[in-house]
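Survey of secondary and tertiary structure
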Amino acid sequence: MGKTVSGFSKLSKKEKMDWLAANFFKNEQEGIATLEQYFNKNSKLQQLHDEFIENTISNFYVPYAIAPNFIINGKTYAIPMAIEESSVVAAASLVAKFWSKRGGFQAKVIGTTKVGQVHFMYSGDFENLSTYFESNKLKLIAATDAITQNMKKRGGGIIDIELKDKSTELEHYYQLHVTFETADSMGANFINSCLEAIAKAFETEGIEVVMSILSNYVPECLVRAEVSCAIEDFFEENASHYAQKFVQAVAIANAEPYRAVTHNKGIMNGIDAVVLATGNDFRAVAAGAHAYASKSGKYKSLTQAKIENGKFHFWIEIPLSLGTVGGLTKLHPLAKLSLEILQQPNAKELMEIIAVAGLAQNFAALKALTTTGIQQGHMKMHLMNILNQLEANVHEKKQIVKLFTGQTVTHNAVAKELHDLRTK
Ligand code: MEV
């Protein structure tokens, strides 16, 4: 049974660790050594990490990798990815190379509008509410002047405020639906500050503000990425057959939500890895993407494919609310470096790059699934994880990797070969 504690946040890092060790660790010294292994005492970086969140006792690392050779709108990119899952980066690299020989990826931002809402309760007459709103609309916008001043200089600000009647969905519920342009920042703090100022200026007798918050559903902050090629270039052999199977695989994800969720999860493998590597909010992006996948009322694929006039077409449309300034983008040294690797994109370019990373990942998954199956590539990458779990040394790893070239990798088979090697 775990123990409760009071004043935990006020303890020093060492005291926090000691408390954890005494109450939860099987082996206190080993547990503390594991925590210590991942932090760098007294470094500036550690201080920065400690100030990102509360109660920091260590850092949780994920691998940071590069998928090179992406050609997007004619420009070549090496894409940084932060992800722990075997084969995601390898797949991205292979797909980048595949499409670089077929004209590369095309990407285009469709819109950049973001949304925030003031949710409130009102039990009076709607006409009166509407008149009150219309006569105060300019005052509501003026209430944000101090906050929007800098954003306006960067081409952003409030686009519009609408009054929405939601009382048929929930009794007495209305909202101010506010649209924003946030230029190169993701804009969460900016939007929330504006909303709170608007709510304060709007609240009056009879209007009870419940909450003011941005929406992570951003269907108008949308980007499209695509690839296309002549069918005969799709595959070395039997190209038309495999192109059709690929299109069917996307159709299945559109028809069947159980499949769509996995299909879209594969897309998010690519998207989230770059979102994280660039210091953006992957939870916001994931929530918005899955909501968009359900926009028709049924959860569907985020990608589409077709064969038309002898050509294979494959594309994605996905809402991505991202920043290349503000937030962690300049503060986290690796996020800053990621943006440098990506040649300092603005937010729109980053939307295009990240949509491509998602499309590429889905292409890799569907190509594997409709041909050899995914386990061949996946287990090949997973072999190292198995060997590490079995505590194989460098020499043993070399031998086993050689042995499994072209062979099916399973945990048991690897354990057996390692055992044989060790007992030889
Ligand atoms: C695994 O992380 C992702 C896949 O399952 C995606 C898919 O099935 O399309 C391979």
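Just so it is clear, the model here is predicted, and its values are computed rather than measured. (Residues numbered from 1 in each chain as written. Predicted model: local features only at pLDDT ≥ 70, side-chain atom pairs only at ≥ 80, totals over all residues. Heavy atoms only, no water.)

Some thoughts on the overall build of the chain
Using the following cut-off: What counts as a helix is a DSSP run of H or I of at least four residues, what counts as a strand is a run of E of at least two, and both are numbered from the N terminus. Partly exposed describes any residue whose relative accessible area lies between the buried limit of under 20% and the exposed limit of over 50%, with all areas from a 1.4 Å probe on protein chains only and scaled to the type maximum. Whether two residues touch is decided by their heavy atoms; if any such pair falls within 4.5 Å, the residues are in contact. The Shrake-Rupley method, run with a 1.4 Å probe sphere, supplies the accessible areas, and residue values consider only the shown protein chains as cover. Charged residues are defined narrowly, with Lys and Arg counted positive, Asp and Glu counted negative, and His plus the chain ends left uncounted. Charged groups are reduced to one reference atom each: NZ for lysine, CZ for arginine, CG for aspartic acid, CD for glutamic acid.
Each helix and strand in the chain was counted, giving 15 helices and ten strands. Its C-alpha atoms put the chain at 85 × 70 × 40 Å along the principal axes. Across the 424 residues in the chain, those meeting the buried criterion constitute 44%. Within the chain, contacts between residues separated by at least 24 positions form 69% of all contacts whose residues are at least 6 apart in sequence. For the chain, the accessible surface area stands at approximately 22800 Å², while carbon and sulfur atoms represent 53% of it. For the chain, the centre of its 43 positive side-chain charges and the centre of its 43 negative side-chain charges are spaced 8 Å apart.

Here we look at the domain arrangement of the chain
The test is simple: Domain start and end points were adopted from an automatic or database domain assignment.
Under the domain assignment used here, the chain contains domain 1 (8–50), domain 2 (64–107 + 224–372), domain 3 (114–214) and domain 4 (377–423). When each unit is reduced to the centre of its C-alpha atoms, the spacing between domain 3 and domain 4 is 59 Å.

Things to note about the sheet that holds strand 7 (residues 207–215)
The following threshold applies: In this description, strands pair whenever DSSP reports at least two bridges between them. All axes are obtained by fitting lines to C-alpha atoms, using only the stretch in contact for helices, and the reported angles, taken between N-to-C directions, cover 0 to 180 degrees.
An order of 5-6-4-7 is seen for the four strands of this open sheet, with the pairing classed as antiparallel. The open sheet has two edge strands, strand 5 (157–165) and strand 7, and neither has a second partner. Sheet twist, expressed as the mean angle between neighbouring strand axes with direction ignored, is 20°. Bridge count for strand 4 (residues 114–122) against strand 7 is eight bridges, and the pairing is antiparallel. Counted as the bridge partner of glycine 116 is leucine 214 from strand 7. Packing of helix 7 (residues 188–202) onto the sheet brings it into contact with strand 4, strand 5, strand 6 (173–181) and strand 7, and relative to strand 7 it is tilted by some 165°.

Side note on the pattern of salt bridges
Where we set the bar: Salt bridges are defined by distance alone: a side-chain nitrogen of Lys or Arg within 4 Å of a carboxyl oxygen of Asp or Glu.
Summed over the entire model, instances satisfying the criterion amount to twelve salt bridges. The salt bridge partner of glutamate 317 is arginine 224, with a shortest N-O separation of 3.7 Å. Residue glutamate 317 is located in strand 10 (residues 311–319), and its partner arginine 224 is located in strand 8 (residues 222–230); the two are separated by 93 residues in the primary sequence. Since its relative accessible area comes to 25%, arginine 224 is described here as partly exposed. Residues participating in the shared-partner salt-bridge network are Arg224, Glu226 and Glu317.

A short note on the side chain of threonine 113
Along the chain, threonine 113 turns up in the loop between strand 3 (106–109) and strand 4. With residues near it in sequence (within four places) discarded, threonine 113 still touches Ile159, Thr179, Phe180, Val218, Glu220 and Cys221.

Concerning the site of the ligand
For clarity, the cut-off: Summary of the distance rule: residues count as near a molecule or strand when at least one heavy atom falls within 4 Å of that molecule or strand. Polar contact is defined as a pair of N or O atoms within 3.5 Å, subject to the rule that within protein one atom must be able to donate a hydrogen and the other to accept it, and that residues adjacent in sequence are counted only when both atoms are side-chain atoms. Any residue that is not Ala, Val, Leu, Ile, Met, Phe, Trp, Tyr, Cys, Pro, Asp, Glu, Lys or Arg is counted as polar, Gly included; the first ten are nonpolar and the last four charged.
Close to the ligand lie Glu85, Arg259, Thr262, His263, Lys265, Gly266, Asn269, Ala365, Leu369 and Ile374, which account for all nearby residues. The separation between an oxygen atom of the ligand and a polar side-chain atom of arginine 259 is 2.7 Å. Interatomic distance of 2.9 Å between a side-chain N/O atom of asparagine 269 and an oxygen atom of the ligand. The protein chains hide 84% of the 300 Å² of surface that the ligand would expose on its own. Taken together, the elements giving at least two residues each to the shell around the ligand come down to helix 9 (257–277) and helix 12 (347–369). Take the shell around the ligand: its biggest share by element is six residues, from helix 9. Considering only residue class, the shell around the ligand consists of three nonpolar, four polar and three charged.

Quick look at the packing of helix 1 (residues 13–24) against helix 2 (residues 28–37)
For clarity, the cut-off: Roughly parallel here means an angle under 35 degrees, roughly antiparallel means over 145, roughly perpendicular means 65 to 115, and every remaining angle is called oblique. Put simply, a crossing is left-handed when the front helix is turned counterclockwise from the back one by less than a right angle, and right-handed when it is turned clockwise.
At a minimum axis separation of 9 Å, helix 1 and helix 2 run at an interaxial angle of 140°. In terms of their interaxial angle, helix 1 and helix 2 are classed as oblique. For the pair helix 1 and helix 2, the crossing hand works out as right-handed. Between helix 1 and helix 2, the residues in contact are Met17, Asp18, Ala21 and Ala22 and Glu28, Ile32, Leu35 and Glu36, respectively. For the contact of helix 1 with helix 2, the residue count by class is five nonpolar, no polar and three charged.

Focus: the packing of aromatic side chains
Cut-off, in case you're wondering: Think of it this way: a Phe, Tyr or Trp ring, Trp meaning its six-membered ring, pairs with another when their centres are within 6.5 Å, and the plane angle makes it stacked under 30 degrees, edge-to-face over 60, tilted otherwise. Charge-over-ring contacts are defined here by two conditions on Lys NZ or Arg CZ: a distance within 6 Å of the ring centre and an angle within 35 degrees of the ring normal.
Under the counting rule described, the total for this entry stands at 24 aromatic pairs. The interplanar angle of 65° and the centroid separation of 5.1 Å between the aromatic rings of phenylalanine 120 and phenylalanine 202 together place this pair among those described as edge-to-face. With phenylalanine 120 in strand 4 and phenylalanine 202 in helix 7, this pair connects stretches of sequence that are 82 residues apart. In this pair, the class of phenylalanine 120 matches that of phenylalanine 202, namely buried. An aromatic cluster is present here, built from Phe98, Trp99, Phe234, Phe235, Tyr242, Phe246, Phe312, Phe314 and Phe363 joined pairwise through their rings. The ring of phenylalanine 98 has arginine 102 lying over it, and the distance from NZ or CZ to the ring centre is 3.6 Å. Over the ring of phenylalanine 282 we find arginine 283; its NZ or CZ atom is 4.5 Å from the centre of that ring.

Overview of the state of the cysteines
The condition that has to hold: Two cysteine sulfur atoms form a disulfide, by the criterion used here, when they sit within 2.5 Å.
Evaluated as defined, the whole model comprises zero disulfides. There is no disulfide at cysteine 221, and the cysteine sulfur nearest it, in cysteine 194, is 16 Å away. For cysteine 221, a relative accessible area of 1% corresponds to the buried category.

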